[in-house]
Each structure stands twice: as C-alpha cells, then as structure tokens.
Amino acid sequence: MNLWIAKLNFPGGITKNDSHKLEEILFKRFQTSSEKFEYKTKHIHYISFIVDSDKIIRQYNYLNGRLYSYSGLIVEKQTENNDYRNAKTLSEKSQELSAVAKNVNGQFALIGSTETQFRCVVDAIGMHKVFYFECPQGEIYVSNYLPFIQYFKQNDINLPFLINFINNGGTYGYSSIEKNVFTLPENGELLWTQENGLKITSYEDFKDFFLLSKNISAPELAFELNIESAYLSEKHNILIPLSGGYDSRTVLNMFSGKNTHNITTFSYPDHPYDLKIAKKVAHEYGITHVELKPQQIPDVDDLHEFVIKNYPLACYSSVFDYLFYQQKQNIRGWDKVEIRGNGGDTDLGIKKFGDLSKVEGEQAIKILAKKLIKHDLLTEYGEQVSNQNFTEHYTKKYLELCLNVPDFNLPTAHFIFERFASYQGHKYSSYIFEGQNDLFLPFADRDYIKLLFSSETKQLMREKNGSIHHELTNYLLNGQTKPIPFTKNVHWNANKFNRIKYHIKRKFIDKALAKINIEQIKYSSIVRRDFLNTHSDHFQDVIHSYPNSEIWDYIDREKIIHVFDTPELLSKSMKSIFRIVPLLKEGI
C-alpha cells in the first residue's frame, strides 16, 4: 500500500522536516514504519510512503527522467494478459495514462510525471479518491490521503459537506470535508504543466455512461468479468465477503471454473439465513470459508478510539464492525484483494425515487433534492443550505442528461454515482486506515453501469425473474447450473420443495413471529440499537455539554434532545446521533 503526495509549482518542494512530519502522521495511524520513494524536479516533488514494502518494485517505474506510478488496484480488461501489478507496464503500454485507464478496470490512481508536467487519472467513477488543493500563493498539493494535504493548510472544516453526512450518510459532489480541497470526478484527470498551470478534466465524457449504454449486453459483460476474474485469480490472493445474497453470489460466480485455491470467503453472523447459505455456496466451490465470531460489545470510549481513525467522518454505527475487526485483519493481510458487491441495496433507488421517472428536467432534480433531506432534524437554515447544495450539484451534473437523453433514469444515476460511490467510498477509506488498500468493485465497472442504463426497470430489481444478476449468472456459469432462484436468500441450487419452504417461512412464519415480538431483525441492527440504549445517558451528556457547536446552526439541537424521550423517534434518528456525538467530542 502506498500513500502519496505531490507538491507542484514550487521551487524547493517539500522540506525534510515536513517529510518527517508526514511519516509521523502515518505512524500514528498505522503504528508501523514505512519506506519512502521520491521523485523531484525543479517544480515537482512527489513523495510516496510505502507501508507494505514488499510492493515497492511494483508501484514505480522511473526511467530517463520520466515517472510512472500507481496506487490502488489495476485489473486487466483485455486479453493480452498484461501484468498491471508492475508500474513498468504503464510505460510499456502507453505514454498516455488516459489511454491505459480506458482499457483497465479497478479502483486506482495512475500517476505520470516529467520535468515540467504532472498528470494523475482515476478510475471510472472516481472511487479511488485523489484530493487537490491550490494555495493562494500558487503552489498545488495533490494526494490520495487527505491528512497529508490537511497538514499543509490551515484546517477549515467544510461544515455543509459534513451536515450532508450527518443527515443522510452521504457525501455528494467533488468537494471534501476540508474547505477548498476537492476530489477528482468520474474518469477524472488532473494535469499540471509549468506553462499552463492546473487543469481538471475527464478522459471520457460522463455522458458516455448513458449515451453508449446500448453498446453493451449481458453476454459481453459476463465475458469481460470472466477475463477480469481470471486475471485476479492468477495474479492476486482474493477475499470475498459472502452473505449468501444476490450480489455476493454473483461476484463468486465470476470465479466459476477458475483457480480457487487462493480465494477465501467470509461471513458475518448477521441475517439468520446468511451463514447457512454462504457455507453451502463456499463448500460447493471448494473455497475456504471463515465464519466471523463477534467479540464483546465495547464501551463508548473504546469505540470512540476505533472510529475516530475516520475522523471527521466518524460514526458509532461502526460498533458492528468493531466486533469483528481483529478477525477481519487476520484474514485480510497485506496481499489480498477484497471483492465486494453493491452493499445490500436491491432496488437501485427505484422504490424510494421511482416516481421521478414521470417527471422531467429541473422539476425532477428539485424533487430528488427535497427527498434527500431529513426534515425531522435539520434547522430551517440547515434545510436551505442542504437543498441549495443538492440542487446545484444535481443540476450541474444531470440536467442536460435529463433534458436530452431519452429515457434517462435519474433515480438509477443517483444510486450509482452518488449513493453507491459515497457508500463504497467510505468503505474504501476505512480499508486505507485498516491497511487494506486493494479493493475491486465489479459493479463499479463502466460497462456494468452502461448495462444498467440500457435495461428495463424490472431488470434492476435483483429478486425479479430476468434481472441483470439473473442474466449474468447464466452467462458466467455457461448454463452449467440453474441460476439464482428468485425467492430471497435461497441457495440457487435449492430444489423446488426447499424454495417453496423458504418462501412460506419468510412470507408468513417470520412475519407471524415478528408480531409476537420474537425478533427476526439483523444482528447488526440489534447491536447498534443496544449500544444506543446502553449509552443513551452518555450521548445526552455530550449533546448538553456542547451547546455552542456550529453543528447546531444546521441540526436542531432541541429536536435531538427531544428524541431521547421518544423511543420510536430515537430509533429513527439513531444513525444521525451516531454521527453527531463523536464529532462533538472532537470539538466540531
């Protein structure tokens, strides 16, 4: 894993003292030393700290004054069998990084530099975050690790950005938690030249996700996923979270018929169906499967120390992750690639925002922005600011598409490019903090996204017959086994009797048990609820102890205080409370 920073347009570069301070920042986070790689010209100073020293030969190619580097994961998309674990391949393949980026998948940042030019490109939906900051004095900082940039500027929290996180868990647009620090967009490209200064563009037009969607089919995508999985299984050790649901089983199907000796799957004891299904699936593939066992629920101080690593996007909802943290670390290691699905959402926003398909243009964007705001906690000013931010962002990004692209699906665009990117972006960030930098998301593949926008609405619902997951499973397995049946969470090889049995149990028996207060909810939900109830007094004390926080300009403090006296409101506001309290304790 390498975390890097570049200082541009400034003779002398980064001082030795500042370099040592950056190393201290890493040591504080990782409790381990790091090796350092430097590339320096008159106006460009690039420093990369390698936490995993075994990968140093892979990540750099420096020849005749030209640097090629990367961070993250680059996955072979073509059939030439190039080895993109070595940065030398970048220079051999093409001197234009944008050309390389168009022909690979993964979550990555590619870096190239000469004496007078610095370039960085990121993956298709900008999942591998790259931050940049242009100082008033003219020097520019670029990094894949925000604390590095924060060290070189006076910290100034971007509170409206943070309020969006508190209010609905999302971080939208290309701003960041730090004022005047921005992230590269989808297909983003940063270019600095001594002659023309800084320029932010894209190597592919964002509209191509939608305009070219008719050019991809399920068989073509399955063929591409087969190539990628062959590359991954040959070049990497693989870790797959296996819940037994549609996403994780489709991900696992990518490796049908491949070498599986270096694949490990793991499951949380969350849903009552998960472990049974996951174990059966892994067994049939002959794959090592690890069942994670929960540790003791922490006290609030221990959890605070755990989550504050993600400060200021810290959240006590991570109490569930805390229970399995050490076990996950033991199976992850430094050399594994974790492959994840969508993260549990089945409707791609259709159930919540489906009515927008009947609305056009600016009106659709206004309705969407309004629906993203949780009015029960925001102050009037908070609502105004959030509404303005959402409206401006979606108008700039999607209005032209809403007006000019036939059958443009705004709810699906919102899910993929905002909600999914935000959710998985948080996960990606946490992997960096945990020492797991290699992450591959098949459903962030540009061709998968294009397939979404060429499909009928019913195909986006994973439990429906004929869904995209259904089609992909058919083609990935070459018809050798029956596809996933469409009774939720039933193993796809289950016989007809078992499918009927599970269907009856879920539809009738589970509901009947719920009515007599025998809980069928997820273990993760139970843990979070119990943690909230156990530490309710502590949370109230924190909220009462910081009456002057700027957060209360946006979040109605009296409403937050009131919900602790109303159990149904407390449960509804739990996630927001879990986001507010650690921030107050850190002095925001």
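Residues numbered from 1 in each chain as written. Predicted model: local features only at pLDDT ≥ 70, side-chain atom pairs only at ≥ 80, totals over all residues. Heavy atoms only, no water.

Draft legend 1. The arrangement of the side chain of K397 in detail. Position of K397 among the secondary structure elements: in helix 16 (residues 380-404). Judged by its relative accessible area of 13%, K397 is buried. A polar atom in the side chain of K397 sits 2.7 Å from the side chain of E186. Excluding residues within four positions of it along the chain, K397 makes contact with Y174, E186, F206, F417 and E418. (Helix = DSSP H or I, 4+ residues; strand = E, 2+ residues; numbered from the N terminus. Buried < 20%, exposed > 50% of the residue type's maximum accessible area, 1.4 Å probe, protein only. Polar contact = N/O pair within 3.5 Å; in protein donor to acceptor, adjacent residues only side chain to side chain. Contact = heavy atoms within 4.5 Å.)

Draft legend 2. Spatial organisation of the side chain of E186. Structurally, E186 is set in the loop between strand 10 (182-183) and strand 11 (188-193). We classify E186 as buried; its relative accessible area is 7%. Every residue in contact with E186, bar those within four places of it in the chain, is listed here: D123, A124, I125, G126, Y174, S202, F206, K397 and F417.

Draft legend 3. View of the pattern of salt bridges. All told, the structure shown has 19 salt bridges when counted by the stated rule. A salt bridge links E291 to K279, with the shortest nitrogen-to-oxygen separation between them at 3.1 Å. Residue E291 is found in strand 15 (residues 288-291), and its partner K279 is found in helix 10 (residues 274-285); the two are separated by 12 residues along the sequence. With a relative accessible area of 23%, E291 lands in the partly exposed category. Classification of K279 by relative accessible area gives partly exposed; the value is 42%. E338 is paired through a salt bridge with R340; the nearest N and O atoms lie 2.9 Å apart. (Salt bridge = Lys/Arg side-chain N within 4 Å of Asp/Glu carboxyl O.)

Draft legend 4. The pairing of strand 14 (residues 263-267), seen in detail. Counting buried positions along strand 14 gives five out of five residues, so the element sits mostly inside the fold. Looking at chain direction, strand 13 (residues 237-241) and strand 14 are connected through four bridges and run parallel. The residue bridging I240 from the neighbouring strand is T265, located in strand 14. By the bridge criterion, four bridges tie strand 14 to strand 15 in an arrangement that is parallel. Each residue of the ladder has a partner; that of T264, found in strand 15, is T288. (Pairing = 2+ DSSP bridges.)

Draft legend 5. Focus on a negative patch on the surface. Together, D299, D301, D302 and E305 make up a negatively charged patch on the protein surface. Inspection of the secondary structure assignment puts D301 in helix 11 (residues 300-307). (Patch = residues over 30% accessible without salt bridge, like charges linked within 9 Å, V, L, I, M, F, W, Y side chains within 5 Å. Areas by Shrake-Rupley, 256 points an atom, 1.4 Å probe, with all protein chains shown as cover. Lys, Arg positive; Asp, Glu negative; His and termini not counted. Charge placed at Lys NZ, Arg CZ, Asp CG, Glu CD.)

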